Amino acid sequence: MRFGIGQPEIDAVADCIRKGELARFQVGANGRIARCEKELAAMSGTKYALLVNSGTSALICGMVALGIGPGDDVLVSSYTWISSPLAPMLVGAIPRLVEMDDTLTMDPDDLEAKIRPDTKAIICVHMMNMPCDMDRIMAIANRHGIPVLEDACQAVGGLYKGRRLGSFGKISAYSFNNYKNISCGEGGAVITDDEELYDRARLYHDAGTFVQNYEHAVQIPFFAGQDYRASEIQAAILLEQLKRLDPGMEKWRDRVRLMRGLIEKRGGFHIARHNDPDSACALLLQFDTEAEADAFSQKHHCLRLINSGRHVFTNWAPLTERRAYRDDVNPLITPKGLLAKYDESAAPRTLDLMRRTCDVTPTWSMTDEQVAARVDAFYASPC
Ligand SMILES: *Cc1c(COP(=O)(O)O)cnc(C)c1O
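Undergrad: Is there a simple way to explain the site of the ligand in this structure?
TA: Residues in contact with the ligand amount to 17 residues; listed here are only the nearest, Thr56, Asp151, Gln154, Ser175 and Lys180. Separating an oxygen atom of the ligand from a backbone N or O atom of Gly55 is a distance of 2.7 Å. Here the ligand has 380 Å² of accessible area as a free molecule, and 93% of this is covered by the chains. Breaking the shell around the ligand down by element, the ones donating at least two residues are α3 (55-65) and α4 (83-90). Looking at the shell around the ligand element by element, the count peaks at three residues for α3. Looking at side-chain class alone, the shell around the ligand contains five nonpolar, ten polar and two charged residues.

Have a look at this one:
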C-alpha cells in the first residue's frame, strides 16, 4: 500500500460483495480478474499476465512453466526474500547463490562464472525497485541458452532504461503483498510473452483448469496443478491500486532525484551505484566500514541491509539447515544438493556490502522541505 488505499478500493470491494462476485470464473472474460490481467500485461509491456494468490506462487508457477525440476541447478540472487530460492527448492531443484555487486543486485560476472552445464534457470531479483543489469544478464543468459526468471516482486512498475522490470526475462513474478509497490493484502502475478509458458503457469495455478471455459484455449495437455487462484476481491482492489502506480512511481522517482542531487552537490557520502539512475526509486549509502554504517543507521533510523531479517541469506533457515517437510523431497540433501553452500562462504561479498549499506530512500510523499531537512541531518551527524 505504498501509494495509499482508500475510498476507491472500498467501493470496488463493496461492488464485488453487492453483486456476489467473489471468485475467478464466476464472472469470466469481463470480470475484474480478466481486466486486471489485461491491465497488468499492458502496464508491463508483455502479452500475458496471470493473477495468482502470492508472489511466491508466481515464482513457483514460473519454475513449473520453465520445466524446472529435480536435480536442476538454478542460479539465484544472494540478496532477496527467501521465496526466490525456495521456489526452485520446492520443485526439487537446487538453488545456488550469485553474489551481488555494488548496485546491490546480481553481479553479472559472478553469474557467468557460476554457470554450469546443468544450470537450467537464472532468477535475478530487483530488490527495493533496484533493477539488475539486465543488458548484461540477458546477454550472458542468451549466450548460454539459459532462461531468466525476473523476480520483480519488489519492483512492480519499475523501469530499466525505459522498459518495465518483468518484461526482460522469459517469465517474471510480481507480488502484491502488504509491503509492495501496489497491494491487495496478498497477491501476485506471472508475467510473460510466451504463450506456452503462460499456458503451463495457468494449468499449474489451478488444479481444476480443465473444467473451465477459457476465452484463450490451452494448447497443451493438462497436467497436475495446485490452486493458486486469486479472487475477484483481490482484482477489484488491484484495479484501483494500478491507477495509483504510475503517478506514485513518478513522484517517488522525483523525490529520489531531489535527494540524490542534494547529496551529490555537497559530496562526502558514497551513493550506491544504480543500474539506471534516472529512473531510480531507491537511494542507498555505502560506508567504508561496518561500524560507520551501523552508527549512521542508528542515528538516522534507517535500515542497514544486514538487519533485514529473511532478506539476508544466512537467515534462510530452510536452506542453511537443509530442511524440507520430508527428506525424500529435499533436494538440498542429495549428493549434488549437499555441494551447494548457504553459509557465509556462499556469497561473502554480498554480506560485506549488506553490512556497509544503509537505505535512505525518501518516501514518495515527502515534501521538498522534508527531503532537504533529512539531508541536512545526514550532514549534521554523518556517522
Ligand atoms: C515479497 C517477495 C516475494 C514473495 O511474495 P509474496 O507475495 O509475499 O509471496 C518474492 N520475492 C521477493 C524479492 C519479494 O520481495
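Continuing now.
Undergrad: Quick question: what am I supposed to make of the packing of aromatic side chains here?
TA: Note on aromatic pairs: each is described by the distance of the centres and the angle between the planes. A full pass over the atoms with the stated rule returns 13 aromatic pairs. With a centroid separation of 6.1 Å and an interplanar angle of 80 degrees, the aromatic rings of Phe3 and Trp252 are classed as edge-to-face. On the criterion of sequence distance, the pair formed by Phe3 in the segment before α1 (7-19) and Trp252 in helix α8 (residues 232-266) is long-range, its members being 249 residues apart. For the pair formed by Phe3 and Trp252, the shared burial category is buried. Their ring planes at 90 degrees and their centres at 5.4 Å tell us that Phe3 and Trp364 sit as a pair that is edge-to-face. Of the two residues, Phe3 sits in the segment before α1 while Trp364 sits in the loop between β13 (357-359) and α12 (368-380), which places them 361 residues apart along the sequence.

Undergrad: Explain the sheet that holds strand β10 (residues 270-271) to me, please; I cannot follow it from the model alone.
TA: For sheets, the rule is that strands pair by backbone hydrogen bonds, running either parallel or antiparallel. Within the open sheet, the four strands sit side by side as β10-β11-β13-β12. Their pairing is antiparallel. Edge strands, defined here as strands with exactly one partner in the open sheet, are β10 and β12 (303-304). Most of the contacts of helix α11 (residues 348-355) go to β13, to which it runs at about 55 degrees, and overall it touches β11 (284-286), β12 and β13.

Undergrad: It is not clear to me how the side chain of Asp101 should be interpreted in this structure. Could you clarify?
TA: Topologically, Asp101 is positioned in the loop between β3 (94-98) and α5 (108-114). Ignoring any residue separated from it by four or fewer positions in sequence, one finds Asp101 in contact with Met106, Asp107, Pro108, Arg273, Arg349 and Leu353.

Undergrad: Just to check I follow, could you spell out the nonpolar core for this structure?
TA: The nonpolar side chains of a soluble globular protein tend to be buried with one another. In this structure, Met63, Tyr79 and Leu104 are the most contacted members of the largest nonpolar core, which totals 58 residues. Ranked by residues supplied to this core, first place goes to α3 with seven residues. Apart from residues no more than four positions distant in its own chain, Leu104 is found in contact with Tyr79, Met130, Ala272, Leu284, Gln286, Leu305, Leu353 and Thr357. Of all hydrophobic cores here, the second largest spans 45 residues; its members include Met106, Ile115, Ala152 and Tyr160.

Undergrad: Looking at this structure, how should I read the sheet that holds strand β9 (residues 188-192)?
TA: If you walk across this open sheet you meet the seven strands as β1-β9-β8-β5-β4-β2-β3, and the pairing is mixed. Two strands close off the open sheet at either side, each with one partner strand: β1 (48-52) and β3. Strand-to-strand twist in this sheet, taken as the mean axis angle between neighbours without regard to direction, amounts to 20 degrees. Pairing analysis gives four bridges linking strand β2 (residues 73-77) to strand β4 (residues 119-125), with the strands arranged parallel. Note that in β4 the partner of Asp73 across the bridge is Thr119.

Undergrad: What am I meant to see in the pairing of strand β8 (residues 171-175) here?
TA: For a regular strand, the rule is simple: side chains alternate between the two faces of the sheet. With five of its five residues buried, β8 lies for the most part within the structure. Neither face of β8 is open: one carries Ile171, Ala173 and Ser175, the other Ser172 and Tyr174, and all of them are buried. By the bridge criterion, three bridges tie strand β5 (residues 148-151) to β8 in an arrangement that is parallel. Residue pairing across strands places Glu150 opposite Ser172, the latter belonging to β8. Bridging between β8 and β9 involves five bridges; their strand directions are antiparallel. Among the inter-strand pairings, Ile171 is bridged to a residue of β9, identified as Thr192.

Conventions used here
- Per-chain numbering applies: the sequence of each chain, read as written, is numbered from 1 onward.
- In keeping with the model being predicted, local features are shown solely for residues with a pLDDT of at least 70 and side-chain atom pairs are shown and tallied solely at 80 or more, while totals for entire chains, interfaces and linings include all residues.
- Values shown for side chains rest on all heavy atoms present in the structure; no hydrogens or waters enter the calculation.
- Note on terminology: near, applied to a residue and a molecule or strand, indicates that one of the residue's heavy atoms is within 4 Å of it.
- We call two N or O atoms a polar contact when they sit within 3.5 Å, provided that within protein one can donate a hydrogen and the other can accept it, with sequence-adjacent residues counted only if both atoms are side-chain atoms.
- In this description, accessible areas are obtained by the Shrake-Rupley approach with a 1.4 Å probe, and a residue is regarded as covered only by the protein chains that are shown.
- Secondary structure elements are taken from DSSP: a helix is a run of H or I of four residues or more, a strand is a run of E of two residues or more, and numbering for both begins at the N terminus.
- Residues are grouped as follows: Ala, Val, Leu, Ile, Met, Phe, Trp, Tyr, Cys and Pro are nonpolar; Asp, Glu, Lys and Arg are charged; every other residue, Gly included, is polar.
- Stacked, tilted and edge-to-face pairs are distinguished by plane angle, under 30 degrees for stacked and over 60 for edge-to-face with tilted covering the rest, among Phe, Tyr and Trp rings (Trp via its six-membered ring) whose centres lie within 6.5 Å.
- For each residue, the accessible area found with a 1.4 Å probe, counting protein chains only, is set against the maximum for its type, and the residue is called buried under 20%, exposed over 50%, and partly exposed in between.
- We call two strands paired when DSSP finds no fewer than two bridges between them.
- Contact between two residues is taken to exist if any of their heavy atoms lie within 4.5 Å; hydrogens are not considered.
- Angles here are taken between N-to-C directions and fall from 0 to 180 degrees, while the axes themselves are lines fitted to C-alpha atoms, restricted in helices to the stretch in contact.
- Nine residue types can take part in a nonpolar core, namely buried Ala, Val, Leu, Ile, Met, Phe, Trp, Tyr and Cys, and a core is a set of them joined through side-chain atoms within 4.5 Å.

These figures come from the coordinates and say nothing about function on their own.
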